[in-house]
Every structure is written in C-alpha cells, then in structure tokens.
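Working through the structure, step by step
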Amino acid sequence: MNLTERDKKHLWHPLTQHQLHPNHLAITKAKDALLYDDQGNEYIDGIASWYTCMYGHCNEYITQKVSEQMQQLDHVVFAGFTHEPAIKLSEELIKILPENQEKIFFSDNGSTSVDVAIKMALQYHFNQGEKRGKIIALEDGFHGDTFGAMSVSGLSVYNGPFEDFFIDVERIPVPTQENFEEVKTQFLQLISEHKVAAFIYEPLVQGAAAMKMFDAKFLNELIEIAHKNNVLAIADEVMTGFGKTGKHFASDYLENKPDIICMSKSLTAGLVPMAITSCSQKVYDAFLSHDIAKGFFHGHTYSANPVACIAALAGIELLQSEEIQQNIQRIIKSHQEFDAKIKQHSKVKSTRQKGVIYALDLNVEMERYGDLRYKLFNFFMENGVFLRPLGNTIYILAPFVITNDQLQKVYSVIEKVLDTF
Ligand SMILES: *Cc1c(COP(=O)(O)O)cnc(C)c1O
C-alpha cells in the first residue's frame, strides 16, 4: 500500500469532508520553496505552507540552531522556571514589535493566541471591577478554530453546530471610504453601553477572507475611538506578522497601536508550533495585585518550549537580515510587474497587493468550497505549483526565498489558468 492508501485507514484530516475527498497526496521532503511528493514530483510552495515557512523549508541556519538547542535543553515547565531562549526571544521581539508592546505571553498556536488575548481583555476589565463581556470583531474575519477564536471570527456555514455556544460578539463591516460614517456610528453606539471589553481585527489583510485588503486610515480611527473608551484593541497578526505586508507587522502601517498583538504561523519559521500574545504595560499592570486570583491563570504544557523559542529567534534574525529584506523588495516589485501584465485580462475581475501578498479575483462565480476550487487546485498541482484558491480568489504568499524563476513559473501557471477556465 502506498502512503495515500495507508493514510485512509486511521487518519482524519482538518477541514475535510472525507466522503468527498478521500485522497491525500503524500509529501516526503521539502527544501527552500519546494515540496516533493512520494512519486518524486516537485511543487513550488506558493503559500509557504500556510504562511509559516517564510525563510524556506528546512532552512539550514534555523535547523542548525534548533538542533543545538535540542541537545542543551529540550523542555521545562515555564510556570515557575525560566530559560534563556524565552528571555532572548522576548528581548528580540520587543525590539521589532510596535513600541507600546512590553510583555510576551506564550501559547501553542494562532487560535490559542487569540483565546489568550480575549481572556486577557475580559479579565483586564474584571480585575478593575468592570464587567465588560462583549467583543467587537470585523465581519469576514478569521481568528481560529478554538471556541473563543471561532466566536470572534466571521459567521461561517461550517460553524452551525457551535453558534449557540459562542461568546458575546458584535460584528461590524470592514471600514472603508464608502461605509466609514455608518461603521463609526455603529462602533460608537456599541461602545456607549460600556459593555465592550475589546475590539479585535486582522490589520489590513483578512487572510481567510481570501486576502481581502483594506485601508489603514479607517481602522486607525476605530482604534483611536477604542483607546479613548478604554476598549482594548487586539491586532491578530497571526497571518500578517513578520514581514509579509512589507513591514515587520501590519500594525506598523497604523498610527494607533494595538494594546494586544497575536502572533503565530511564521513566528517559528514553520518548524514547530508556538504562539505569542504580546501586550502593553497597561494591560499587564491590571493583573498585578496582592490578590492571587487577579493573576492570569492560563497556561499550556508546552508554553515557551525552548526549541520553539530558538526557532523563533533564528527566524527573527533572518527576517532582519539584508538578504531577506532584499528578497521582500524583490518579490514586491515582481508582483507589481505581474499585476500590470494581467490586470486587464478579461478573466480577471480585480487584483490587490500588500507587500509580498498578492491576490486576484477571477471573473467567475463559485462556491467557496465548490468544485471549481478543487479543479483549480488540481490544475496548479499538475503544473507543479501549490496554491490554495479561496472562492474565486487565487493568491500568492510564497516563502521570501522563492527564486525569480520559481516566481515566474507561478505567474505563468496562473496565466495558463486564465486561458483555461
Ligand atoms: C491561521 C490564523 C489563525 C489561527 O491559527 P492556528 O494556528 O491555525 O490556530 C488565527 N488568526 C489568523 C489571522 C490566522 O491566519
């Protein structure tokens, strides 16, 4: 039996209706921007395996550092102990985060980083004697699949069985030039009841909403209103963090800084899972008390795993290297040239770009998880490119180390799609 056959026996895949999609391609190896399957075929990883492996798969610098750490200290309980990898990581991260961020709290994945942020925000008010239980979120946002994170995400047809158990959330439209006055009025109205604990948003790019992009200006104004009303602003940078928008964080495009920031995905460069929720001194201080119960009693077994911390440190070092920064500029320019070339194509409805994130909407209607999506996916794979279209959107978010030739190949397969579908 080959791997695909053996897989079917005991494995249950994420986000999969197994009756419709029983087969999973086996990947045996990955290097830089390439994935290899068990038949020896290679694929360009056009989405950096969900925006994680941004410095390339099996990056030698990172694996070397991690391998050294594994022989020094594998794991130790972080409640009560500390270690240099976590300390160093906090020091390096604070240097590149927006200037108001002061404290680093560890968890395991993007969803838990959001749950931590929500719990921090609720308890921040609770500790000060205010019962604020409502969270404002953006429509079409995606923040993860645990209960808190799922609750603040946009409504999805897949969440039906759970909707009755969501935490208290109000969703507002993404603020734009056209709707801003309305959205602002709604925002002020919600806040005026003094029941809102926090406002959560994906800054500038909503990843799971098919790379929907929006202006910094209007979001910036909402954050300002939040600040004035003691509503904590939570930036979910799980997707946008670490260079993808062209700056280290999407929040760097905004004048008003979030009180809390969620990070994961490329934090550990795709090596191992880890997440961080950072916050300002003001948030942290609300948990200091002689009363032990005012502390933040949230913890995961693998919090601040030293190996994961070292992977993150190596990644952050690479992010700031001249080589990666030049790569980011190279990809940005390359996307712009591709965009100019295909924007007018009759099958292209619209295009958008922020940093190395490029997306185009096809001029066809289809269900988000409908047939065409799979046809497109298969077409890309047959042509040696791994892309994961969402609805009628095709997007590229490749590792920073993708070569020019590989980029050109991704573009040419997209052009082929335009002439085929
Ligand atoms: C992927 C993602 C999450 C969830 O992260 P997981 O590690 O999959 O739990 C949360 N927020 C955003 C913006 C994401 O892109």
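One pass over the full model with this rule turns up 13 aromatic pairs. Look at phenylalanine 147 and phenylalanine 162: their rings are 6.1 Å apart centre to centre, the planes differ by 85°, and that puts the pair in the edge-to-face class. In this pair, phenylalanine 147 is assigned in helix α6 (residues 147-152) and phenylalanine 162 in the loop between α6 and β6 (169-172), connecting sequence segments 15 residues apart. On the basis of relative accessibility, which here comes to 44%, the residue phenylalanine 147 falls in the partly exposed class. Ring pairs connect the aromatic residues Phe105, Phe287 and Phe296, which therefore count as one cluster. The residue whose ring lies beneath lysine 103 is tyrosine 284, and the NZ or CZ to ring-centre distance is 4.2 Å.

Here helix α4 (residues 84-96) contains 13 residues, and its C-alpha end-to-end distance of 19 Å stays within 8% of the 18 Å for a straight helix at 1.5 Å per residue. Among all positions in α4, only Pro85, Ala86, Leu89, Glu92, Leu93 and Ile96 are buried. Buried residues along α4 cover an arc of 135° about the axis, so they all sit on one side. In α4, those exposed residues whose orientation departs by more than 90 degrees from the buried face are Glu84 and Lys95. Residues of α4 that are buried sit in contact with α3 (60-72), β4 (101-107), β11 (260-263), β12 (275-280) and α10 (306-319).

It is common to report an interface's size as the accessible area lost on association of the parts. Domain annotation for the protein chain reports domain 1 (3-59 + 322-418) and domain 2 (73-319). Of all residues in domain 1, the largest losses of buried area upon contact with domain 2 belong to Tyr51, Tyr55 and Lys354, amounting jointly to 31% of the total for that side. One can count zero salt bridges joining domain 1 with domain 2. Going through the elements one at a time, α2 (48-51), α11 (322-342), β13 (348-354), β14 (357-362) and β16 (393-396) are the ones with two or more residues in the side of domain 1 that touches domain 2.

A few words on the side chain of lysine 257. In this structure, lysine 257 sits in the loop between β10 (232-236) and β11. Nearest to the buried, unbridged lysine 257 among oppositely charged side chains is aspartate 252, at 4.7 Å. The residues touching lysine 257, leaving out its near neighbours within four places in the chain, are Pro98, Glu99, Asn100, Ile223, His227, Ser251 and Asp252.

For the rest of this paragraph, the subject is the site of the ligand. Around the ligand, the neighbouring residues are Asn109, Gly110, Ser111, Phe142, His143, Gly144, Glu202, Asp236, Val238, Met239 and Lys265. For the ligand, an oxygen atom lies 3.3 Å from a polar atom in the side chain of asparagine 109. Taking lysine 265, its side chain carries an N or O atom lying 2.7 Å from an oxygen atom of the ligand. Look at the ligand: alone it shows 380 Å² of surface, and the protein chains cover 81% of it. Looking at side-chain class alone, the shell around the ligand contains three nonpolar, five polar and three charged residues.

This part takes up the pattern of salt bridges. Within this structure, the stated rule accounts for 15 salt bridges. A salt bridge links lysine 212 to aspartate 140; its shortest N-O distance comes to 2.9 Å. Highlighted residues: lysine 212 in strand β9 (residues 212-213) and aspartate 140 in the loop between β5 (134-138) and α6, separated in sequence by 72 residues. Look at lysine 212 and you get partly exposed, because its relative accessible area is 32%. Its salt-bridge partner being arginine 352, residue aspartate 361 comes within 3.1 Å of it at the nearest N-O pair. Residue class for arginine 352 comes out buried when judged on its relative accessible area of 18%.

Looking along a regular strand, one sees the side chains alternate between the two faces of the sheet. Bridge analysis of strand β2 (residues 34-37) against strand β3 (residues 42-45) gives three bridges, and the strand direction is antiparallel. Residue pairing across strands places tyrosine 36 opposite glutamate 42, the latter belonging to β3. Two successive antiparallel strands, β2 and β3, enclose a turn made up of four residues, where glycine 40 displays a positive phi of approximately 85°. Both β3 and strand β15 (residues 385-386) contribute to a ladder of two bridges, which runs parallel.

Among the nonpolar cores identified, the biggest contains 107 residues, and Leu93, Phe199 and Phe242 are the most heavily contacted of them. No other element matches the eleven residues that α10 contributes to this core. Here this core spans two domains, and each of domain 1 (3-59 + 322-418) and domain 2 (73-319) adds at least three residues to it. Residue contacts for phenylalanine 199: discarding those within four places in its chain leaves Ile136, Leu138, Ile172, Phe187, Leu219, Leu222, Ile223, Val231, Leu232, Ala233 and Ile234. Counting residues in hydrophobic clusters, the runner-up holds 26 residues, among them Ile135, Val169, Ala198 and Cys262.

Scoring rules and cut-offs
- Residues numbered from 1 in each chain as written.
- Predicted model: local features only at pLDDT ≥ 70, side-chain atom pairs only at ≥ 80, totals over all residues.
- Heavy atoms only, no water.
- Phe/Tyr/Trp six-rings, centres within 6.5 Å; stacked < 30°, edge-to-face > 60°.
- Helix = DSSP H or I, 4+ residues; strand = E, 2+ residues; numbered from the N terminus.
- Buried < 20%, exposed > 50% of the residue type's maximum accessible area, 1.4 Å probe, protein only.
- Lys NZ or Arg CZ within 6 Å of the ring centre and 35° of its normal.
- Expected span 1.5 Å × (residues − 1).
- Arc of directions from axis to C-beta.
- Contact = heavy atoms within 4.5 Å.
- Domains from an automatic or database assignment.
- Buried area = accessible area lost by both parts, 1.4 Å probe.
- Salt bridge = Lys/Arg side-chain N within 4 Å of Asp/Glu carboxyl O.
- Lys, Arg positive; Asp, Glu negative; His and termini not counted.
- Near = heavy atom within 4 Å.
- Polar contact = N/O pair within 3.5 Å; in protein donor to acceptor, adjacent residues only side chain to side chain.
- Areas by Shrake-Rupley, 256 points an atom, 1.4 Å probe, with all protein chains shown as cover.
- Nonpolar A, V, L, I, M, F, W, Y, C, P; charged D, E, K, R; others polar.
- Pairing = 2+ DSSP bridges.
- Core = buried A, V, L, I, M, F, W, Y, C linked by side-chain atoms within 4.5 Å.

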